[in-house]
Protein chains: 2
Amino acid sequence: MIKVSLIGTGNVSYHLKEALTKAKNITLLDVHSSRDELFSKIVQKENQAKQPDIYIIAISDDAISTVSQQFENSKSLIVHTSGSVSISALPNGIRRGVFYPLQSFSKEREVDFQSVPICIEAEQKKDLELLKTLAKSISKSVYEITSLQRKSLHLAAVFINNFTNHMYQIGNELCDQNEVSFDILKPLIAETARKIESLSPFDTQTGPARRKDKKTIEVQLAQLKGVNHKEIYTILTNSILKTYEEKL
Amino acid sequence: MIKVSLIGTGNVSYHLKEALTKAKNITLLDVHSSRDELFSKIVQKENQAKQPDIYIIAISDDAISTVSQQFENSKSLIVHTSGSVSISALPNGIRRGVFYPLQSFSKEREVDFQSVPICIEAEQKKDLELLKTLAKSISKSVYEITSLQRKSLHLAAVFINNFTNHMYQIGNELCDQNEVSFDILKPLIAETARKIESLSPFDTQTGPARRKDKKTIEVQLAQLKGVNHKEIYTILTNSILKTYEEKL
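Note that the structure is predicted; figures quoted are calculated from it, not measured.

A. Highlighting the overall build of chain A. Along its length, chain A carries nine helices and seven strands. For chain A, whose C-alpha radius of gyration is 23 Å, the value lies well above the compact-globule estimate of 18 Å for 248 residues. When the backbone C-alpha atoms are referred to their principal axes, chain A occupies close to 75 × 45 × 30 Å. Nonlocal contacts in chain A, meaning residues at least 24 apart in sequence, comprise 56% of its contacts between residues at least 6 apart.

And the structure:
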């Protein structure tokens with residue numbers, strides 16, 4: 001049995017709580033807000049019987065450094081769940097690590113944690129093993145990666161999640177401008193994402209820029225109304241052209 | 001029974017052939033390459049018993065105008081399948097229309113045509129009814145739209161399909177640069193697309209730009225190596241900021 005204590009009341013904590021509660025070899029001792037007075041007392045009294053093996057700090061990036069100061073005398077393994085914060089934001093000299101579930105969480109949507117990749121990191125081998133056991137008890141996909149790799153994954157996620165969603169937003173705006181239903185595009189959105197499961201994005205690229213179809217590119221640019229849309233169209237078209245440029 | 005003749009040997013024709021062959025109330029008379037000598041003869045002899053109700057010209061955009069000249073004396077309904085070509089590219093004075101299946105087709109991937117939206121257009125009411133019957137016999141989603149609306153849908157598709165795929169490509173490049181597996185991001189790609197089935201892209205937007213988190217934006221910009229990636233990050237970040245700007 002791995003005894004876990006969870007700090008934080010946001011989306012990640014909410015879904016982690018669900019997953020940890022269901023897992024067979026885990027005892028979730030408690031869930032606390034980082035502002036909890038109770039939480040501070042628990043940290044001070046942790047030498048008692050109910051000391052957790054792992055504290056998971058699932059709070060906002062900015063608060064990790066400050067809140068984790070309370071653990072500077074802790075004997076437990078202390079991990080945060082952030083994609084972009086280094087392991088060294090946690091106090092020096094304690095057993096520290098990272099437990100980063102790479103998925104977009106919101107309280108309104110159910111999450112199948114079994115398919116959420118969990119990226120783990122720790123400084124000591126036994127802590128890494130402990131984190132691996134914890135991660136494997138709730139997910140099928142567990143990866144050991146460094147802080148630097150995690151940071152680059154988090155940045156890649158901005159492109160494949162945040163910026164992709166903005167492409168959907170622009171598509172929606174273009175539909176609205178011409179009074180056609182955005183629903184017509186939804187099967188294409190689904191298929192675009194599904195292709196990536198088995199093929200590389202380099203191989204699945206299609207469209208006027210991929211075909212070097214300058215005529216269509218010009219027509220489409222003229223069709224776009226806002227300066228903003230024109231600029232995005234141009235820069236992404238050039239970037240695709242560059243990606244497939246035949247090297248002389 | 002609707003008698004159909006299919007012109008073209010590309011991806012759209014390939015999958016249309018599959019779907020039309022399976023449909024109960026359709027007889028697919030023949031499939032011809034637009035370069036076929038046989039095809040020209042058939043067009044000339046169409047007054048015979050086997051005259052199709054509809055010719056579907058599923059060929060490249062550039063060839064539609066030229067190839068469709070052969071139908072200028074036809075009594076059948078002539079439709080093309082392009083997203084960006086106007087109905088008026090077909091010869092004047094004939095029964096003409098558009099039958100545009102909005103999906104990304106490749107011969108390697110199976111297509112469930114029942115879930116492919118088909119956008120139809122015709123100049124005469126009875127032709128529109130005929131196209132509707134044809135479309136509904138292979139798909140659950142049939143939309144009547146104008147040439148202008150179709151053109152804007154096709155442009156929106158460049159954003160939600162071609163440009164989204166390029167976001168995946170950049171994500172992949174960032175993973176390669178830091179030697180992490182792109183596979184870790186695949187569940188997030190799937191979830192990003194899945195959210196759009198039930199929520200609007202305006203509501204699903206997340207990330208540093210959505211939170212107006214200038215500190216993270218700066219850190220991530222510094223992290224990007226290529227000029228190209230920096231430029232795309234900047235322009236899309238600004239566009240998201242603009243989208244959610246509080247109006248004073």
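B. Expanded view of the nonpolar core. Leu-153, Phe-159 and Leu-185 of chain A together with Leu-153, Phe-159 and Leu-185 of chain B are the most contacted members of the largest nonpolar core, which has 72 residues in total. When contributions to this core are tallied by element, the ones reaching two or more residues are strand E5 (96-101), helix H5 (147-177), helix H6 (186-195) and helix H9 (227-243) of chain A together with strand E5 (96-101), helix H5 (147-177), helix H6 (186-195) and helix H9 (227-243) of chain B. Residues within four places of Leu-185 of chain A in sequence aside, it is in contact with Cys-175 of chain A together with Leu-102, Leu-153, Ala-156, Ala-157 and Ile-160 of chain B.

C. The arrangement of the relation of the copies chain B and chain A in detail. Mapping chain B onto chain A calls for a rotation angle of 180 degrees and an axial translation of 0.0 Å; the resulting RMSD is 0.0 Å. Taken together, the rotation and translation relating the two chain copies correspond to the operation of a two-fold axis. Taking C-alpha positions as reference, the residue of chain B nearest the rotation axis is Thr-164 of chain B, located at 2.6 Å. Here 100% of the contact residues of chain B are again contact residues in chain A; the copies associate through an equivalent surface.

D. Seen up close, the pairing of E5 of chain A. Residue and element names in this part refer to chain A. Burial within E5 is extensive, with six of its six residues counted as buried. The side-chain alternation of E5 yields two buried faces, one formed by Arg-96, Val-98 and Tyr-100 and the other by Gly-97, Phe-99 and Pro-101. As paired elements, E5 and strand E6 (residues 118-122) share five bridges and run antiparallel to each other. Paired with Pro-101 across the strands is Ile-118, a residue of E6.

E. Molecular detail of unusual backbone geometry. Located in the positive-phi region is Glu-179 of chain A, a residue other than glycine, with phi close to 55 degrees. Assignment of secondary structure puts Glu-179 of chain A in the loop between H5 and H6.

F. Structural detail: the interface of chain B and chain A. Residue-level contacts link 81 residues of chain B with 81 residues of chain A. Between chain B and chain A, a total of about 8000 Å² is buried, with carbon and sulfur atoms accounting for 65% of that surface. At the junction of chain B with chain A, the criterion picks out four salt bridges. Across the salt bridge formed by Glu-191 of chain A and Arg-109 of chain B, the nearest N and O atoms sit 2.8 Å from each other. The residue inventory of the side of chain B that touches chain A, partitioned by class, reads 38 nonpolar, 29 polar and 14 charged.

G. A look at the side chain of Asn-165 of chain A. Tracing the backbone through its elements, the reader meets Asn-165 of chain A in helix H5. Excluding its chain neighbours within four sequence positions, the residues that come into contact with Asn-165 of chain A are Ile-196, Pro-201, Thr-204 and Gln-205 of chain B.

H. Up close: the sheet that holds strand E1 (residues 2-7) of chain B. All names here are of chain B. The strand order across the open sheet built from seven strands is E2-E1-E3-E4-E5-E6-E7, with neighbouring strands paired in mixed fashion. Looking at strand neighbours, the two that pair on one side only are strand E2 (26-32) and strand E7 (142-144), the edges of this open sheet. Between one strand and the next, the sheet's axes are offset by a mean angle of 25 degrees, whatever the strand orientation. The sheet contact formed by strand E3 (residues 54-57) and strand E4 (residues 77-80) spans four bridges and is parallel. Note on E4: the bridge partner recorded for Ile-56 is Val-79. Contacts from helix H4 (residues 125-136) reach E1, E2, E3, E4, E5, strand E6 (118-122) and E7 within the one sheet, and its direction differs from that of E6 by about 165 degrees.

I. Representation of the state of the cysteines within the structure. Across all of its chains, the model carries zero disulfides over all chains by this definition. Unpaired in terms of disulfides, Cys-119 of chain B finds its nearest cysteine sulfur in Cys-175 of chain A, a separation of 9.9 Å. Assessed through its relative accessible area of 1%, Cys-119 of chain B is described here as buried.

J. Quick peek at the side chain of Ser-139 of chain B. All names here are of chain B. Along the chain, the position of Ser-139 falls in the loop between H4 and E7. Residue class for Ser-139 comes out buried when judged on its relative accessible area of 3%. Within the structure, the side chain of Ser-139 is placed 2.6 Å from the backbone oxygen of Val-116, a separation counted as a polar contact. At 3.0 Å, the side chain of Ser-139 and the backbone nitrogen of Ser-141 are in polar contact.

K. Representation of the sheet that holds E5 of chain A. All names here are of chain A. With mixed pairing, seven strands are arranged side by side in an open sheet as E2-E1-E3-E4-E5-E6-E7. Since the sheet does not close on itself, it has two edges, and those belong to strand E2 (26-32) and strand E7 (142-144), each with one partner. Along the sheet, successive strands turn relative to each other by an average axial angle of 25 degrees, direction set aside. Pairing geometry for strand E4 (residues 77-80) and E5, over three bridges, is parallel. Across the sheet, the residue bridging to Ile-78 is Arg-96, located in E5. In the packing of helix H1 (residues 11-22) onto the sheet, the strands contacted are strand E1 (2-7), E2, strand E3 (54-57) and E5, and the crossing angle to E2 comes to about 155 degrees.

L. Region of interest: the packing of H5 of chain A against helix H8 (residues 214-223) of chain B. Where H5 of chain A meets H8 of chain B, the closest approach of the two axes is 11 Å, and the angle between their N-to-C directions is 105 degrees. Looking at the two axes, H5 of chain A sits roughly perpendicular to H8 of chain B. Facing H5 of chain A, whose interface residues are Lys-151, Ser-152, His-154, Leu-155 and Val-158 of chain A, H8 of chain B presents Val-219, Gln-220 and Gln-223 of chain B.

M. Representation of the packing of aromatic side chains. All names here are of chain A. Enumeration over the complete set of coordinates arrives at twelve aromatic pairs over all chains. Ring centres 4.6 Å apart and planes at 55 degrees place the aromatic pair Tyr-55 and Phe-71 in the tilted group. With Tyr-55 in strand E3 and Phe-71 in the loop between helix H3 (61-68) and E4, this residue pair connects regions lying 16 residues apart in the sequence. Residue Phe-71 is classed as buried on the basis of its relative accessible area of 0%.

The rules behind each value
- Residues numbered from 1 in each chain as written.
- Chains lettered and ligands numbered in written order.
- Predicted model: local features only at pLDDT ≥ 70, side-chain atom pairs only at ≥ 80, totals over all residues.
- Heavy atoms only, no water.
- Helix = DSSP H or I, 4+ residues; strand = E, 2+ residues; numbered from the N terminus.
- Rg over C-alpha atoms; globule rule 2.2 N^0.38 Å.
- Contact = heavy atoms within 4.5 Å.
- Core = buried A, V, L, I, M, F, W, Y, C linked by side-chain atoms within 4.5 Å.
- Buried < 20%, exposed > 50% of the residue type's maximum accessible area, 1.4 Å probe, protein only.
- Least-squares fit on C-alpha atoms with pLDDT ≥ 70 in both.
- Pairing = 2+ DSSP bridges.
- Buried area = accessible area lost by both parts, 1.4 Å probe.
- Salt bridge = Lys/Arg side-chain N within 4 Å of Asp/Glu carboxyl O.
- Nonpolar A, V, L, I, M, F, W, Y, C, P; charged D, E, K, R; others polar.
- Axes fitted to C-alpha atoms, helices over the stretch in contact; angles between N-to-C directions.
- Disulfide = S-S within 2.5 Å.
- Polar contact = N/O pair within 3.5 Å; in protein donor to acceptor, adjacent residues only side chain to side chain.
- Parallel < 35°, antiparallel > 145°, perpendicular 65-115°, else oblique.
- Phe/Tyr/Trp six-rings, centres within 6.5 Å; stacked < 30°, edge-to-face > 60°.

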